[in-house]
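The residues making up each chain are set out below.
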Amino acid sequence: MPLRPGHCYRHFGTPPYTREEYIRSIPPVQIPKFELGNIKGSFEVELRLVTTRPGQIRANALEAARQQANKYLEKRLGSQNYHMRIMTYPHHILRENKMIAAAGADRLQDGMRLAFGTPIGRAARVSVGQTVILVRVNREYIDEAKKALIRAKSKLPLPCRIIITQIARAS
């Protein structure tokens, strides 16, 4: 079975590589906005996209999920009827030991000698039950928000589920 792109970076067994003061050429965070919609609005219901397994979510997968959910909510509800927040931040910097797979390439690379790798991207490490995306809406828009989170879930490499909770009003 061929490996899918990003398959090698889904699970982790090493300590996180996050100390930016020691890393040259740090890849930038690809997510431009972590909060979307009506940030100051008051809503009745909160929907959370929660992971069911530990793993890593690459920054480009987080950005794809954010774009997909936001586009759906913006189109169906309008920008004033929801608040969406990306709850995870891609701190971990991914490394790759680049290998050349062509004829005569054995003279251009060192194999596993000095195989620490160069930074190629970022990922967010998540644990079981950690919220990835949070959406707040009023009761009449629960189904649309759920559909948006299902679309975002299809972009993430880990299995997720949606948890719906009532927001307590401060009186």
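Residues numbered from 1 in each chain as written. Predicted model: local features only at pLDDT ≥ 70, side-chain atom pairs only at ≥ 80, totals over all residues. Heavy atoms only, no water.

**Q** How should I be thinking about the packing of aromatic side chains in this particular structure?
**A** How two aromatic rings sit relative to each other is given by the distance of their centres and the angle of their planes. Under the defined criterion, the tally for this structure stands at two aromatic pairs. Judged by centre distance (5.5 Å) and plane angle (80 degrees), the rings of Tyr 17 and Phe 116 are edge-to-face. Taken together, the residues Tyr 17 in the segment before strand S1 (35–37) and Phe 116 in the loop between strand S5 (92–96) and strand S6 (118–126) connect sequence positions 99 residues apart. The cationic tip of Arg 95 hangs over the ring face of Tyr 17; the distance from NZ or CZ to the ring centre is 4.4 Å. Arg 95 extends its terminal NZ or CZ atom over the ring of Phe 116, reaching a point 4.0 Å from the ring centre. (Phe/Tyr/Trp six-rings, centres within 6.5 Å; stacked < 30°, edge-to-face > 60°. Helix = DSSP H or I, 4+ residues; strand = E, 2+ residues; numbered from the N terminus. Lys NZ or Arg CZ within 6 Å of the ring centre and 35° of its normal.)

**Q** Is there a simple way to think about the pattern of salt bridges in this case?
**A** Pairs may arise between side chains of opposite charge once their charged atoms sit close together. Counted by the stated rule, this structure contains seven salt bridges. Residue Arg 122 pairs with Glu 20 through a salt bridge whose shortest N-O separation is 2.7 Å. Here Arg 122 is found in strand S6, whereas its partner Glu 20 is found in the segment before S1, with 102 residues between them in sequence. Residues participating in the shared-partner salt-bridge network are Glu 46, Arg 48 and Arg 136. (Salt bridge = Lys/Arg side-chain N within 4 Å of Asp/Glu carboxyl O.)

**Q** What is the right way to look at the sheet that holds S6 in this model?
**A** Remark on secondary structure: sheet strands pair via backbone hydrogen bonds, oriented parallel or antiparallel. Ordered by their spatial adjacency, three strands build an open sheet running S3-S6-S5, and the pairing between neighbours is antiparallel. Since the sheet does not close on itself, it has two edges, and those belong to strand S3 (55–58) and S5, each with one partner. The average angle at which neighbouring strand axes cross in this sheet is 50 degrees, direction not considered. Contacts from helix H1 (residues 59–77) reach S3 and S6 within the one sheet, and its direction differs from that of S3 by about 65 degrees. (Pairing = 2+ DSSP bridges. Axes fitted to C-alpha atoms, helices over the stretch in contact; angles between N-to-C directions. Contact = heavy atoms within 4.5 Å.)

**Q** How should the side chain of Gln 56 be read in this particular structure?
**A** Looking at where Gln 56 falls in the secondary structure, it is placed in strand S3. A distance of 2.8 Å separates a polar atom in the side chain of Gln 56 from a polar atom in the side chain of Arg 125. (Polar contact = N/O pair within 3.5 Å; in protein donor to acceptor, adjacent residues only side chain to side chain.)

**Q** What should I look at first to understand the nonpolar core in this one?
**A** Note on soluble globular proteins: their nonpolar side chains tend to be buried together. If you look at the biggest cluster of nonpolar residues, it comprises 30 residues, and the most contacted ones within it are Ile 57, Leu 73, Met 84, Ile 133 and Val 135. Those elements that place two or more of their residues in this core are strand S2 (45–51), H1, strand S4 (83–86), S6, strand S7 (131–137) and helix H2 (142–153). Ignoring sequence-local partners within four residues, the contact set of Ile 133 consists of Leu 47, Arg 48, Leu 49, Ala 65, Met 84, Arg 85, Ile 86, Leu 149 and Ala 152. (Core = buried A, V, L, I, M, F, W, Y, C linked by side-chain atoms within 4.5 Å. Buried < 20%, exposed > 50% of the residue type's maximum accessible area, 1.4 Å probe, protein only.)

**Q** Can you walk me through unusual backbone geometry in this structure?
**A** The bulk of non-glycine residues show a negative phi, and the bulk of peptide bonds are trans. For Ser 25, which is not glycine, the phi torsion reads 50 degrees and is therefore positive. Looking at the element boundaries, Ser 25 is found in the segment before S1.

**Q** Where do I start with the packing of H1 against H2 in this structure?
**A** The N-to-C vectors of H1 and H2 enclose an angle of 155 degrees; their axes lie 8 Å apart at closest approach. Taken as axis vectors, H1 and H2 run roughly antiparallel relative to one another. Along this stretch, H1 crosses H2, giving a crossing that reads as right-handed. Residues Ala 65, Gln 68, Ala 69, Tyr 72, Leu 73, Arg 76 and Leu 77 of H1 form the contact with H2, whose participating residues are Glu 144, Ala 145, Lys 147, Ala 148, Arg 151 and Ala 152. Residue composition of the contact of H1 with H2, grouped by class: eight nonpolar, one polar and four charged. (Parallel < 35°, antiparallel > 145°, perpendicular 65-115°, else oblique. Left-handed = near helix turned anticlockwise from the far one by under 90°. Nonpolar A, V, L, I, M, F, W, Y, C, P; charged D, E, K, R; others polar.)

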